[in-house]
Amino acid sequence: MGELEIEKHTQFIMSVEKKKDFDSMVMEHLRMSGAYWGLTTLDLMGKLDAVNREEVVSWVLQCQHDCGFSGNVGHDPHILYTLSAIQILALLDKLDTIDADKISAYIVGLQQEDGSFAGDEWGEIDTRFSYCAVCCLSILHRLDKIDVGKAISYVASCKNFDGGFGCTPGGESHAGQIFCCVSAFAISGALTHVDRDLLGWWLCERQVKSGGLNGRPEKLADVCYSWWVLSSLTIIERVHWIDKEKLKTFILDCQDKEHGGISDRPDDAVDVFHTFFGIAGLSLLEYPGLKPIDPAYALPVHVVDRLFFGQPH
Amino acid sequence: MASKDDYGDEDGVRLLAQLEVILDQDPLIDEVGFVHPSQLASFHVLEGQDTTESLVEDVQTSIAGERNLVITSEGLPFESVGVKSNLLLVDEGNTESNRGPSYDRSVFWCGDHKLAICIPALRPLFKAAKSAYLFSYRQYRILGDLSQNEDCSPYLCESGSSSETLREHRSKMDLQSVEAALLKHSKVVAILSCDYASAWNSRKQVISQKTIKEVYGAELQLSALVLSYAPKSEQAWSYRRWLIRLIINVSAKSKEPLMILERESDFLERIAEKSRMNYRAWRHRCWLVNHMSTRQVLTELLRTKRWAQLHVGDNCCFHYRRCLLLHLCRSKSSTSTENKVFSTEDFYGNFQNDTMEDWDEPFMIWKDELDWNKYLIKYYIGREALWIHRRFIFHQLIQQPRSRYSITSSTLDSDISPKKEAPTDCYSYEQLHAFLDEEFELIDMCLNVADTGFEDTTQQKEYAAMYKMWMIMQLQGINGSKELLERVEKERCNLKAMLEKVCPQRAVVWEGLFCLNQCSYVEPH
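Residues numbered from 1 in each chain as written. Chains lettered and ligands numbered in written order. Predicted model: local features only at pLDDT ≥ 70, side-chain atom pairs only at ≥ 80, totals over all residues. Heavy atoms only, no water.

Caption draft 1: Quick look at the overall build of chain B. Check the secondary structure of chain B and you find 19 helices and 3 strands. Counting over 525 residues, chain B shows a buried share of 52%. Intrachain contacts of chain B at a sequence separation of at least 6 include 71% that bridge at least 24 residues. Working note: accessible area of chain B is about 25,400 Å², and carbon and sulfur atoms make up 51% of it. (Helix = DSSP H or I, 4+ residues; strand = E, 2+ residues; numbered from the N terminus. Buried < 20%, exposed > 50% of the residue type's maximum accessible area, 1.4 Å probe, protein only. Contact = heavy atoms within 4.5 Å. Areas by Shrake-Rupley, 256 points an atom, 1.4 Å probe, with all protein chains shown as cover.)

Caption draft 2: Geometry of the nonpolar core. Of all hydrophobic cores here, the largest spans 259 residues; its most connected members are W201 of chain A together with I117 of chain B. At 11 residues, the largest contribution of residues to this core is made by helix α17 (residues 455–476) of chain B. (Core = buried A, V, L, I, M, F, W, Y, C linked by side-chain atoms within 4.5 Å.)

Caption draft 3: Structural view of the sheet that holds strand β1 (residues 31–35) of chain B. Residues and elements named next belong to chain B. On the basis of which strands lie adjacent, the open sheet formed by 3 strands has the order β1-β3-β2 and mixed pairing. In this open sheet, the two edge strands, each paired with only one partner strand, are β1 and β2 (108–111). Averaged over neighbouring strand pairs, the angle between their axes works out to 15° when direction is ignored. Across 4 bridges, β2 lies against strand β3 (residues 114–118) in antiparallel orientation. In the strand pairing of β3, G111 is matched with K114. Each of β1, β2 and β3 is contacted by helix α2 (residues 37–48), which is oriented at about 40° to β2, the strand it contacts most. (Pairing = 2+ DSSP bridges. Axes fitted to C-alpha atoms, helices over the stretch in contact; angles between N-to-C directions.)

Caption draft 4: Spotlight on the interface of chain A and chain B. At the interface, 41 residues of chain A touch 47 residues of chain B. Taken together, both faces of the contact between chain A and chain B bury some 4,000 Å²; the carbon and sulfur share is 56%. Contact with chain B buries surface across chain A, with W122, F161 and W201 of chain A losing the most and accounting together for 21% of the total. Between E218 of chain A and R383 of chain B there is a salt bridge, with the nearest N and O atoms lying 2.7 Å from each other. Counting the contacts that link chain A with chain B gives 18 residue pairs in polar contact (both at pLDDT 80 or more). Contributing elements (two or more residues each) for the side of chain A that touches chain B: α2 (22–25) and α10 (196–204) of chain A. The element best represented in the side of chain A that touches chain B is α10 of chain A, accounting for 4 residues. When grouped by side-chain class, the residues that make up the side of chain A that touches chain B number 12 nonpolar, 12 polar and 17 charged. (Buried area = accessible area lost by both parts, 1.4 Å probe. Salt bridge = Lys/Arg side-chain N within 4 Å of Asp/Glu carboxyl O. Polar contact = N/O pair within 3.5 Å; in protein donor to acceptor, adjacent residues only side chain to side chain. Nonpolar A, V, L, I, M, F, W, Y, C, P; charged D, E, K, R; others polar.)

Caption draft 5: Spotlight on unusual backbone geometry. Even without glycine at this site, E218 of chain A takes up a positive phi of about 75°. Counting through the fold element by element, E218 of chain A comes out in the loop between α10 and α11 (224–235).

Caption draft 6: Expanded view of the pairing of β2 of chain B. Where burial is concerned, the two faces of β2 of chain B agree: the one with F108 and C110 of chain B and the one with W109 and G111 of chain B are both buried. Taking the residues that link successive antiparallel strands as the turn, the β2 of chain B-β3 of chain B hairpin has 2 residues, and the phi of D112 of chain B there is positive, at about 55°.

Caption draft 7: Region of the structure containing the pairing of β3 of chain B. All names here are of chain B. Within β3, 5 of the 5 residues are buried, which leaves it mostly tucked inside the rest of the structure. Every second residue of β3 is oriented toward a common face, with K114, A116 and C118 on one face and L115 and I117 on the other, all of them buried. As judged from the 5 bridges shared by β1 and β3, these two strands associate in the parallel manner. When the bridges of β3 are listed, V35 appears paired with C118.

Caption draft 8: Quick peek at empty space enclosed by the protein. One pass over the full model with this rule turns up 4 cavities of 30 Å³ or more. If you add up the space inside the second largest cavity, you get close to 80 Å³. Taken together, F161, D162, L198, W201, W202 and E205 of chain A together with I388, R391 and W470 of chain B make up the lining of the second largest cavity. In terms of residue count, α10 of chain A provides more of the lining of the second largest cavity than any other element does, 3 residues in total. When the residues that make up the lining of the second largest cavity are grouped by side-chain class, the tally is 6 nonpolar, no polar and 3 charged. (1 Å grid on protein atoms, 1.4 Å probe; cavity = no way out; pocket = protein on both sides within 12 Å on 5 of 7 lines; lining within 4 Å. Points joined across faces, edges and corners; volume = space filled by probe spheres on them.)

Take it as geometry only, folks, not as evidence of what the structure does.
What follows is the structure in structure tokens.
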């Protein structure tokens, strides 16, 4: 029960690339995020060398449009994949291959009057996109290009009575949205907007009997919330409000020890999304053999250190 | 015809053409599913049988019994399969034109506005659809650029009716046929790969140039079709919102938006039934509240009251009610009079309330919700969603001015009597303490619920304990009289004993929240 199968998970991630079945085909529009999940997981496990970096960078750059990045070659750009692309380039230390001013201009163009961010030219608003904007620009050292005050006050307007955050003002509190909002505050130095006790309480109530975490009341535990809840708790310094050992056991139980990969809950089908969030969660829980991960940037700490304390680009 | 497991690229092109004809011939298709070949075969068997009732029942039962009938992430059963199809589609070779298009029966089944596609054919279908879509999109872009860059002198075209260049005329014809191809192919891409955003975006580019209402209706239909098998599809929901915004902008003064909202409500209730606690669906429903009239908000409150009682564990529904109630309170505090024209029966349904004449005060709205919630908590033991709802209502009530003409005062209760102006704000001193008495009584009742040996009684106790914690936390945050603060402090000090008994695993949390090891309250001897 107790061990993390690093070798198996490495093999699983490398094999995902090669799949050509229908289920893989209908995921091709989000390949950029899939690549970010896979590559970051490999790095956390110390296995990033298994990958051909030049090939990855060259593909990422093919997804660059005049404005932002798309999820795959020939698809439309979107702020979600722009963040994933920037995160991948940061991970591989290849941020010098892009025009940071151009990317910044794209993101600035997506900010609305009320401080919120649209995902693309078609105008859907969501606090996830606020996080994408803030995180991306921070990595590019250009956070000052947007109206940060308005961006933050919009996110703050999505705060609910329970201390949580939704996708828009009045939206139901959801652990994923909470991660986005809390991280956006953290990156912008605006954590005063969070009621740490109230939110910490809501977050620790996500832990269910099995030790796993759910994303909202009455829902089942899911490994991906091991990241979103745990990283939020880490940022607001309330991780000790959950039972870490039980959570660790739950994540390890979600492994497919034979074929590699991690699933949403024990004995379900694995995928790279849950593999990333399971490993990232274990990293936050300081599981031995994993590199530490930054809870706000969702990148290995050594990458974030390099960005902010290494040579600036 | 025996089904194949391995289809080639030419098959894909052939099947794409057939699928597009099916979709074109039946624009009312409202449900699609991807099924195993054997299941597809059984649909055809059902349809073709000159059936005895028992045979129909047998087959229907065996189909209904298979939870994985349709291979979707939701595991939704395929509805309405049966012999009542009056849209029988024919064997290949039968050319009766009023019977519909011919198609490969080992790949497709269509009847009753339902469409099934066999799983092995999906990959080649998608390949062909994607290829066709990309090609038509490139053509659309080229033509679009061309028509913008034209520099032609005008002369009468062949029809003689308008002055446009021949090239413009030809270009318009080409554009129309390219648009049609783009819409046809992107539809299949969107159906097969529901979150292929670019396909939906292409449709936005075309549709935003149209103003015919039927077009919008067809697009809403497409979104609904995708949601029938992928109720969590972000693109399908986002497209729906984009369309509704467009419709509202284009037909603001007409009754169209209100009708759309009513139909959306029906649609969303069906989705809520099939796909429990679907965040995206309920998010969409909350978004619609911004566009609702007060009458619609009240209708929604009635509908969801009935629905919530059948789904007491559905936190999303209660959150939706909170959105509706908040919206109502905000509109109450304005001076609009549009909401006066319905009976109190309309509003309360089965739950009569003695003080109905006060109902139009926000305070009473919350009080009624609280009373209803108490009924549910007593009847449905150990449901988290009910207690979360109560936390919210409590939070609202202790801040709510009693009357819309209230003086806003931060003092919750006052021992200065009586105020010169008519109704005072919030609870009076006696009322607040009476209210707290009732709440504590409910908590004690739930803490003492008889153990059944099932999880629900343990949970009920834990939720009751957490609710008490919540009350203390909220009350600590308000400006109260000396008596109130003393009462709150006393309750806070009693928390530890209760929490140790009911949920010792949360000791770290309540210690962090309340510093329960430090108690200044000393019980008077």
